[in-house]
Amino acid sequence: MADPKKKWVSDDVLTYAYLLLYIALSSGQIFFNKWVLSSKEINFPYPLGLTLLHMVFSSILCFVLTKVLKIMEVEGGMTLDIYISSVIPIGAMFAMTLWLGNTAYLYISVSFAQMLKAIMPVAVFILGVAAGLEVMSCRMLLIMSVISFGVLVASYGEIDINWVGVVYQMGGVVGEALRLIFMEILVKRKGLKLNPISVMYYVSPCSALCLLIPWIFLEKPKMDEQRTWNFQPVILTLNSLCTFALNLSVFLVIQHTSALTIRVAGVVKDWVVVLLSALLFADTKLTLINIFGYAIAIAGVAAYNNHKLKKQTSRASPEESEPTQSILLIQSSNSNE
């Protein structure tokens, strides 16, 4: 008979392993993308093309894993009406988020981009109020004010601020906020509950198509002119594989931990990215004002996450709330990849 204590220890170790895997892959993918796009490294300055490659790769792997090898299962319930009214907008916003977020890396440092991303709850809350999904309250206004103030202080402390990069990053934030709103509508109003692999299966091809059209007009002519089609296939394939592995790590973390745990892991990952970027990239110069402002913003984000989780817990039982949490929590995996 198995020792319950040993089994508990084994499960505990496995949970920490999944969390470390998620933090490592999430942080590493951001640095990997910056490395590929940087003119001083791989020099593949085509964020639209890179993001398109990720989505095509993800679409193919999802199909192979679910339909050919049948290792994972795609949940049913998807109809043409839901696909047109919900999945297509989600795919379009997802494509916009990754495209603009990766483009920002051409102009601003990884750490500063991460600091600007802290404004995400503010964008989600404002759009949620407009869509009737959130209710304005003094508590939420205070939390939003703290986050906004922290991001402003962090921006004030930036030494070499490039407003083009800031605009791209803010555009990515708005796209991600809209995606989360559409996801919540898909769950709450359409009644469809999907696990992350199912979301990837449906959304990735749609995102790839949304990226293909602007790529043909914006980046393909430049690639033809500069003859950059002879890029390093091994590097880009590995980069795409890491992106897919990141999505799968989120799937594993959600299956073995709670919503609160992955949100805490996301905050740890953000700090890891900010601090490590100062060591890895020459364009990153952190100041005390940067760190102080970002700490204020992260405190506000933590308060926001705590408020949202308490709200979810009070409204639904664990069995009812977990699928909803799963579909909304994959926001952590791919923002700016």
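Only a predicted model underlies this, so the values are computations on that prediction, with no experimental measurement involved.

## Observations concerning the nonpolar core
- The biggest cluster of nonpolar side chains holds 70 residues, and the ones touching the most others in it are Val-36, Phe-44, Met-144 and Ile-147.
- With eight residues, the top contributor of residues to this core is helix α7 (residues 163-188).
- One finds Leu-19, Ile-23, Leu-246 and Ile-262 within the second-largest nonpolar core, a separate group that totals 10 residues.

## Some details on unusual backbone geometry
- Even without a glycine there, the phi angle at Lys-70 is positive, about 55 degrees.
- Within the element layout of this structure, Lys-70 appears in the loop between α2 (47-68) and α3 (80-104).

## Things to note about helix α5 (residues 120-131)
- Between the first and last C-alpha of α5 there are 16 Å, a value that for 12 residues agrees with the 16 Å anticipated at 1.5 Å per step.
- Restricting attention to buried positions, one finds in α5 the residues Met-120, Pro-121, Val-122, Ala-123, Val-124, Phe-125 and Gly-128.
- One or two steps after α5, the chain reaches Gly-132, where phi turns positive at roughly 80 degrees.

## Details of the packing of aromatic side chains
- Enumeration according to the criterion identifies five aromatic pairs in this entry.
- When the ring of Tyr-201 is compared with that of Tyr-202, the centres are 5.3 Å apart and the planes differ by 80 degrees; the resulting orientation is edge-to-face.
- Residue Tyr-202 is classed as buried on the basis of its relative accessible area of 14%.
- Here the aromatic rings of Trp-271 and Tyr-294 are separated by 4.9 Å at their centres, their planes lie at 65 degrees, and the arrangement is edge-to-face.

## Notes on a nonpolar patch on the surface
- A cluster of nonpolar side chains, contributed by Leu-209, Leu-212, Ile-213, Ile-216, Phe-217 and Leu-218, occupies part of the molecular surface with about 580 Å² of accessible area.
- Classification of Ile-213 by relative accessible area gives partly exposed; the value is 48%.

## Here's the deal with the packing of helix α4 (residues 110-117) against helix α6 (residues 138-156)
- It is at 9 Å that the axes of α4 and α6 come closest, and there the two elements cross at 160 degrees. Compared by their axis directions, α4 and α6 come out roughly antiparallel. In terms of crossing hand, the pair formed by α4 and α6 is left-handed. Along its contact with α4, which presents Phe-112, Met-115 and Leu-116, the element α6 presents Val-151, Ala-154 and Ser-155.
- For the contact of α4 with α6, the class distribution of residues is five nonpolar, one polar and no charged.

## A closer look at α6
- In a regular helix each residue adds 1.5 Å, so 19 residues correspond to 27 Å; α6 covers 27 Å between its end C-alpha atoms and thus fits that length.
- Within α6, burial applies to Met-140, Ile-143, Met-144, Ile-147, Gly-150, Val-151, Val-153, Ala-154 and Ser-155.

## Structural notes on the pattern of salt bridges
- With the rule as written, the count across this model stands at three salt bridges.
- Put simply, Asp-224 and Lys-220 hold a salt bridge, and the shortest N to O gap is 3.1 Å. Of this pair, Asp-224 and Lys-220 both sit in helix α9 (residues 220-226), four residues apart, which is roughly one turn of the helix.
- According to the relative accessible area criterion, Lys-220 is partly exposed, its value standing at 29%.

## Brief notes about the environment of Val-124
- Note on placement: Val-124 falls in helix α5.
- Separated by 54 residues in the primary sequence, Val-124 and Leu-178 place their C-alpha atoms 7.2 Å from one another.
- Those residues in contact with Val-124 that sit more than four places away from it in its chain are Ala-177, Leu-180, Ile-181 and Tyr-304.

## Notes on the environment of Trp-35
- Among the structural elements, Trp-35 can be located in helix α1 (residues 4-37).
- The partly exposed category is assigned to Trp-35, whose relative accessible area is 31%.
- On a C-alpha basis, the gap between Trp-35 and Leu-280 in space is 9.9 Å, while along the polypeptide they are 245 residues apart.
- Once you skip the residues sitting within four places of it in the chain, Trp-35 turns out to touch Glu-41, Ile-42 and Ile-235.

About the cut-offs
- Residues numbered from 1 in each chain as written.
- Predicted model: local features only at pLDDT ≥ 70, side-chain atom pairs only at ≥ 80, totals over all residues.
- Heavy atoms only, no water.
- Core = buried A, V, L, I, M, F, W, Y, C linked by side-chain atoms within 4.5 Å.
- Buried < 20%, exposed > 50% of the residue type's maximum accessible area, 1.4 Å probe, protein only.
- Helix = DSSP H or I, 4+ residues; strand = E, 2+ residues; numbered from the N terminus.
- Expected span 1.5 Å × (residues − 1).
- Phe/Tyr/Trp six-rings, centres within 6.5 Å; stacked < 30°, edge-to-face > 60°.
- Patch = residues over 30% accessible without salt bridge, like charges linked within 9 Å, V, L, I, M, F, W, Y side chains within 5 Å.
- Areas by Shrake-Rupley, 256 points an atom, 1.4 Å probe, with all protein chains shown as cover.
- Salt bridge = Lys/Arg side-chain N within 4 Å of Asp/Glu carboxyl O.
- Axes fitted to C-alpha atoms, helices over the stretch in contact; angles between N-to-C directions.
- Parallel < 35°, antiparallel > 145°, perpendicular 65-115°, else oblique.
- Left-handed = near helix turned anticlockwise from the far one by under 90°.
- Contact = heavy atoms within 4.5 Å.
- Nonpolar A, V, L, I, M, F, W, Y, C, P; charged D, E, K, R; others polar.

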